Amino acid sequence: MAKELLKGNVAFAEAAIRAGCEAYYGYPITPQTEALEHMAKRMPELGRVFLQAESEVAAINMVYGAACAGVRVMSSSSSPGVSLMMEGLSYIAGSEVPVVLVDIMRGGPGLGNIAPSQGDYNQIVKGGGHGDYRLITLAPATIQEIIDLTYEAFDIAEKYRAIVVVLADGSIGQMMEPAELPPMQEVRKREDRPEWSLTGAKDRDPRVITSIYIDPAEEEVFNLQLVEKQKEIEANEVRFSSLLLEDAEIAVVAYGTAGRIAQSSVKQARDEGIKVGLLRPISLYPFPYDEIGKVVDQVKRILVVEMSGGQMLDDVRLAVNGKVPVDFYGRMGGMVPLPDEVFEQIQELNTKANA
Amino acid sequence: MTDKKMAEALIFSKPESLTAVPTHYCPGCSHGVAHRLIAETIDEMGMRENTVGVAPVGCSVFAYNYFNMDFAEAAHGRAPAMATGFKRVNPDMNVFTYQGDGDLASIGAAEILHAAGRGEKITVIFINNAIYGMTGGQMAPTTLPGQKTTSSPLGRDIEAHGFPLKMCEILSQLDGSAYIVRRSLHDAANIRKAKKAVRQAFEVQRQGLGFSMVELLSNCPTNWKISAQESLVWIEENMIPYFPLGDFKVHPAIVESKKG
């Protein structure tokens, strides 16, 4: 298929459709509304389900209901809307049904604004809702990547019977880039729905999907099962991209849009003869601790760049484990760092590293 | 002789739509009656194998242990949204929620209102016993003025806590509602009427006419702190005057079929 000029929000919505997404439930919120609008037009055309819910609370519970039926289902939203979904996400995690959610982050806290931000890292990567669970979190830096990750998210969600969040920001949602869409998959046939799904208790025992384990001993057994699953996810699903790290003395760690900006800054610094490279985590949970750990053995300093006050920073520090200094540069409130700003930070670090 | 005994045994038996699991409900509680009415109806309509129930949070949180059919457990108040999500991808299935007054009329007020407004083709069985049972007897959105609960120890003060919500009256105003009725479970005659209403509600869903809800005035002797017998009288003397029984919305197609 040829490349076409696609807006991020439309691109991931269409990618989900092509992944065989059978139902979409959502609520309008800037800067992801084009995804909902695309679904409103395309899903009925294909005989699939689109429904605008009365709130994000309802939307995620509709997603939960459809997921119990064993169909591919998703929602998308932006930061304040995703906050409202936290209850539902906890129940879905506790019921182990596969769900895909796209969060196009915006400035916060509170109503904040509609500009790009990475302020939801802690909420998504560390859980957000109540109880012990993790959300598999994938962070694209380009339109092609949001397409590919959303497309694959459905397979990953079903493989682990878990929630996959594609975590991007308003700039990825709003900008247009040439990108290639994947081939169309039909929706799953009814007879092919998974063996745990609610299809009506015909010629079999009834099935129940629930997250309640009233006996603490049973709840702990279930919690341990989730932990085992997390170990499997951590072993299999770590993704990252690296650039010019081979001989680097300084490593920049940044994800999503910040990672993309840092890439320009790293190249600029290389032109100035600074030995700097970039590690861009693509999976935020599972986080590439080991990969960053390996980089630590060769670099003198690490710079973390985020569009937040420093949330992924904590995970980088855990990976670094005090072996080298970790510096931080962040812009907040919907402000996006310029490549020159990050370049200056690299220059400064280079001076410190070689002092 | 043996044949005669067999015939006698068949007059009253456990509906196939119920499991043989003893319920956790308090002695004298009408949840068991409500469960049975639903189960008998689903059996009679031959829909057990094509039905999915959605359980609420509240005393009936474990309803799925007692119904012999596929079930999902919703978050508190979200059953209508969950049922919506399920029904939209399974339009040919029979989907119902079973919700108490706190679940449906308080924390889930938005979800029930919009499910009805959309004319969602689901059936809601609404158990109104004017109190929070599972958490131990707190004030519900349907607690009567002056009624004592653990969170209105001096009696519900309407100046402080406002008025009870009359959900049938509210939901019947919505164009998406096809069948909205209130019945009571306080005596045999009313239980029989309730059963007919449950049947009609599932029939409305089967015909795709819109949203259907049967509100069942129910008791809670444990948290009302009276005997089971007294609680049935309390429904009749106190609840029915505030929550009058009746048909609040009946789709014209049903009215027409009754005439015919």
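Sequence order as written defines the numbering, with residues in each chain counted from 1. The naming scheme follows written order: chains are lettered A onward, ligands numbered 1 onward. For this predicted model, a pLDDT threshold of at least 70 governs which residues receive local features, and a threshold of 80 or more governs which side-chain atom pairs are given and counted, while totals over whole chains, interfaces and linings are taken from all residues.

### Overview of the overall build of chain B
Okay, so step 1: In DSSP terms, a helix is any run of H or I states spanning at least four residues, a strand is any run of E spanning at least two, and both are numbered starting from the N terminus. The helix and strand tally for chain B stands at eleven helices and seven strands.
Okay, so step 2: For a compact globule of 260 residues, the expected C-alpha radius of gyration is about 18 Å, and chain B comes in at 18 Å, within 12% of that figure.
Okay, so step 3: Summarising its shape, the C-alpha atoms of chain B cover approximately 60 × 50 × 35 Å along the three principal directions.
Okay, so step 4: With C-beta atoms placed from the backbone, a residue counts as buried when 20 or more other C-beta atoms lie within 10 Å of its own, as exposed when 12 or fewer do, and as partly exposed for counts between those limits. In chain B, buried positions account for 53% of the 260 residues. Atoms counted for the radius of gyration: C-alpha only. Globule rule: 2.2 Å times the number of residues to the power 0.38.

### Focus on the overall build of chain A
Okay, so step 1: Broken down by element type, chain A carries 13 helices and 15 strands.
Okay, so step 2: Here chain A has a C-alpha radius of gyration of 21 Å; the compact-globule value for 355 residues is 20 Å, and the two agree.
Okay, so step 3: Considering only C-alpha atoms, chain A reaches an extent of 75 × 50 × 40 Å along its principal axes.
Okay, so step 4: Within chain A, the fraction of its 355 residues that count as buried is 54%.
Okay, so step 5: For chain A, contacts bridging at least 24 residues in sequence account for 80% of all contacts bridging at least 6. C-beta atoms are placed from the backbone for every residue, and two residues are taken to be in contact when these atoms lie within 7 Å.

### A look at the nonpolar core
Okay, so step 1: A set of buried residues drawn from Ala, Val, Leu, Ile, Met, Phe, Trp, Tyr and Cys, joined through C-beta atoms within 7 Å, is what defines a nonpolar core. The biggest cluster of nonpolar side chains holds 192 residues, and the ones touching the most others in it are V63, V99, I163 and V252 of chain A together with I125 of chain B.
Okay, so step 2: For this core, the element with the highest residue contribution is helix α3 (residues 56-68) of chain A, accounting for ten residues.
Okay, so step 3: Setting aside chain neighbours within four positions, we find I125 of chain B in contact with A34, I38, F96, Y98, V198, V214 and L216 of chain B.

### Some words on unusual backbone geometry
All names here are of chain A.
Okay, so step 1: Here the amide bond leading from G108 into P109 is cis, since omega sits at 10 degrees, within 30 degrees of zero.
Okay, so step 2: Examined against the element boundaries, P109 turns out to sit in the loop between β5 (99-105) and α6 (121-125).
Okay, so step 3: Of the consecutive residues Y285 and P286, the connecting peptide bond is found in the cis state with omega at 0 degrees.
Okay, so step 4: Mapped onto the fold, P286 is located in the loop between β13 (283-285) and α11 (289-296).

### Here's the deal with the domain arrangement of chain A
By a widely used convention, the size of an interface equals the accessible area lost when the partners come together.
Residues and elements named next belong to chain A.
Okay, so step 1: What fixes the domain bounds is an automatic or database domain assignment. Split by domain assignment, chain A resolves into domain 1 (4-200 + 222-236) and domain 2 (240-353).
Okay, so step 2: Distance between the C-alpha centres of domain 1 and domain 2: 27 Å.
Okay, so step 3: Each side of the interface is counted separately: domain 1 has 27 residues, and domain 2 has 21 residues.
Okay, so step 4: Contributions of two or more residues to the side of domain 1 that touches domain 2 are made by α6, β6 (136-138), β7 (163-169), α8 (170-174) and α9 (216-236).
Okay, so step 5: In this classification, the charged set is Asp, Glu, Lys and Arg, the nonpolar set is Ala, Val, Leu, Ile, Met, Phe, Trp, Tyr, Cys and Pro, and all remaining amino acids, among them Gly, are polar. The class makeup of the residues in the side of domain 1 that touches domain 2 is 14 nonpolar, nine polar and four charged.

### Focus on the sheet that holds strand β1 (residues 51-55) of chain B
Okay, so step 1: Paired strands, as defined in this entry, are two strands with at least two bridges between them according to DSSP. Strand order in the open sheet formed by eight strands is β9(A)-β2(B)-β1(B)-β3(B)-β4(B)-β6(B)-β5(B)-β7(B), with mixed pairing between adjacent strands. With one partner strand each, in any of the chains shown, β9 (208-209) of chain A together with β7 (246-250) of chain B form the two edges of the open sheet.
Okay, so step 2: With five bridges connecting them, strand β3 (residues 94-100) of chain B and strand β4 (residues 123-128) of chain B associate as parallel partners. Looking at β4 of chain B, one finds that F96 of chain B is bridged to T123 of chain B.
Okay, so step 3: Contacts from helix α2 (residues 31-44) of chain B reach β1, β4 and β6 (211-217) of chain B, with the element oriented near 160 degrees to β4 of chain B. The axes used here are C-alpha line fits, helices contributing only the stretch in contact, and every angle between their N-to-C directions lies in the interval 0 to 180 degrees.

### Observations regarding the packing of α3 of chain A against helix α5 (residues 86-95) of chain A
Residue and element names in this part refer to chain A.
Okay, so step 1: Where α3 contacts α5, the axes come no closer than 8 Å and their chain directions differ by 20 degrees. When the interaxial angle is binned, α3 and α5 end up roughly parallel. Like other packed secondary-structure pairs, α3 and α5 cross with a definite hand, here right-handed. The residues of α5 that touch α3, namely those facing V57, I60, N61, Y64 and A67, are E87, G88, L89, Y91 and I92.
Okay, so step 2: Taken together, the residues of the contact of α3 with α5 break down into seven nonpolar, two polar and one charged. Roughly parallel refers to an angle under 35 degrees, roughly antiparallel to one over 145, roughly perpendicular to one between 65 and 115, and oblique to any angle outside these ranges. Handedness of each helix crossing follows the sense of rotation of the near helix against the far helix: counterclockwise by less than a right angle gives left-handed, clockwise gives right-handed.

### Section: the interface of chain A and chain B
Okay, so step 1: With 32 residues of chain A at the interface, the matching set in chain B holds 29 residues.
Okay, so step 2: Among the elements that take part in the side of chain A that touches chain B, α3 of chain A stands out by supplying eight residues, more than any other.
Okay, so step 3: Partitioned by chemical class, the residues of the side of chain A that touches chain B number 20 nonpolar, seven polar and five charged.
Okay, so step 4: By the bridge criterion, two bridges tie β9 of chain A to strand β2 (residues 70-73) of chain B in an arrangement that is parallel. Each bridged residue has a counterpart across the sheet, and for V208 of chain A the counterpart in β2 of chain B is F71 of chain B.

### Side note on the pairing of strand β14 (residues 301-306) of chain A
Residue and element names in this part refer to chain A.
Okay, so step 1: Most of β14 sits out of view: six of its six residues are buried.
Okay, so step 2: Burial along β14 is two-sided: R301, L303 and V305 facing one way and I302, V304 and E306 facing the other are all buried.
Okay, so step 3: Where strand β11 (residues 250-253) and β14 come together, four bridges link them in parallel fashion. Bridge assignment links A251 to a residue of β14, and that residue is I302.
Okay, so step 4: You can see the chain leave β14, run along helix α12 (residues 312-320) and come back into strand β15 (residues 326-330), and the turn it takes is right-handed. Handedness of a crossover is defined as follows: with both strands directed away from the viewer, a clockwise route from the first strand across the helix to the second makes it right-handed.

### Considering the pairing of β2 of chain B
All names here are of chain B.
Okay, so step 1: A two-sided burial pattern is seen for β2, the buried positions comprising D70 and A72 on one face and F71 and E73 on the other.
Okay, so step 2: Two strands pair when backbone bridges link them, and β1 and β2 are joined in this way by four bridges, in the parallel orientation. By the bridge assignment, V54 is partnered in β2 with A72.

### Re helix α2 (residues 33-45) of chain A
Residue and element names in this part refer to chain A.
Okay, so step 1: Helix span is expected to be 1.5 Å times the residue number reduced by one. Here α2 contains 13 residues, and its C-alpha end-to-end distance of 19 Å stays within 8% of the 18 Å for a straight helix at 1.5 Å per residue.
Okay, so step 2: Throughout, the bend at a residue refers to the angle made by two axes, fitted to the seven residues ending there and to the seven starting there. The largest bend along α2 measures about 25 degrees and falls at M39.
Okay, so step 3: Those residues of α2 not exposed but buried are E34, A35, L36, H38, M39 and M43.
Okay, so step 4: The secondary structure elements touched by the buried residues of α2 are β1 (4-7), α1 (8-18), β2 (23-26), β3 (49-52), β4 (73-77) and β5.
Okay, so step 5: Note on α2: the residue one or two positions beyond its end, G47, has a positive phi of about 75 degrees.

### Some remarks on the sheet that holds strand β12 (residues 276-281) of chain A
All names here are of chain A.
Okay, so step 1: The strand order β10-β12-β11-β14-β15 describes an open sheet built from five strands, whose pairing is mixed. Among the strands making up the open sheet, the edge pair consists of β10 (240-243) and β15. When strand polarity is set aside, the average angle formed by the axes of neighbouring strands in this sheet is 20 degrees.
Okay, so step 2: As paired elements, β10 and β12 share four bridges and run antiparallel to each other. The residue of β12 that forms the bridge with F240 is P281.
Okay, so step 3: Packed on one face of the sheet, α11 meets β10, β11 and β12 and runs near 170 degrees to β12.
Okay, so step 4: Of the strands in this sheet, β11, β12, β14 and β15 are in contact with helix α13 (residues 339-353), which crosses β14 at around 160 degrees.

### Examining the packing of α2 of chain B against helix α8 (residues 188-206) of chain B
When two helices pack together, their arrangement is given by the angle between the helix axes and the distance between those axes.
All names here are of chain B.
Okay, so step 1: In the contact formed by α2 and α8, the axes pass within 9 Å of each other and the chain directions differ by 45 degrees. Accordingly, the angle class assigned to the pair α2 and α8 is oblique. Judged by the sense of rotation from one axis to the other, the crossing of α2 with α8 is right-handed. Touching V33, L37, I38, E40 and T41 of α2 are I191, A194, K195, V198, R199 and F202, all from α8.
Okay, so step 2: Residues of the contact of α2 with α8, tallied by class, amount to seven nonpolar, one polar and three charged.

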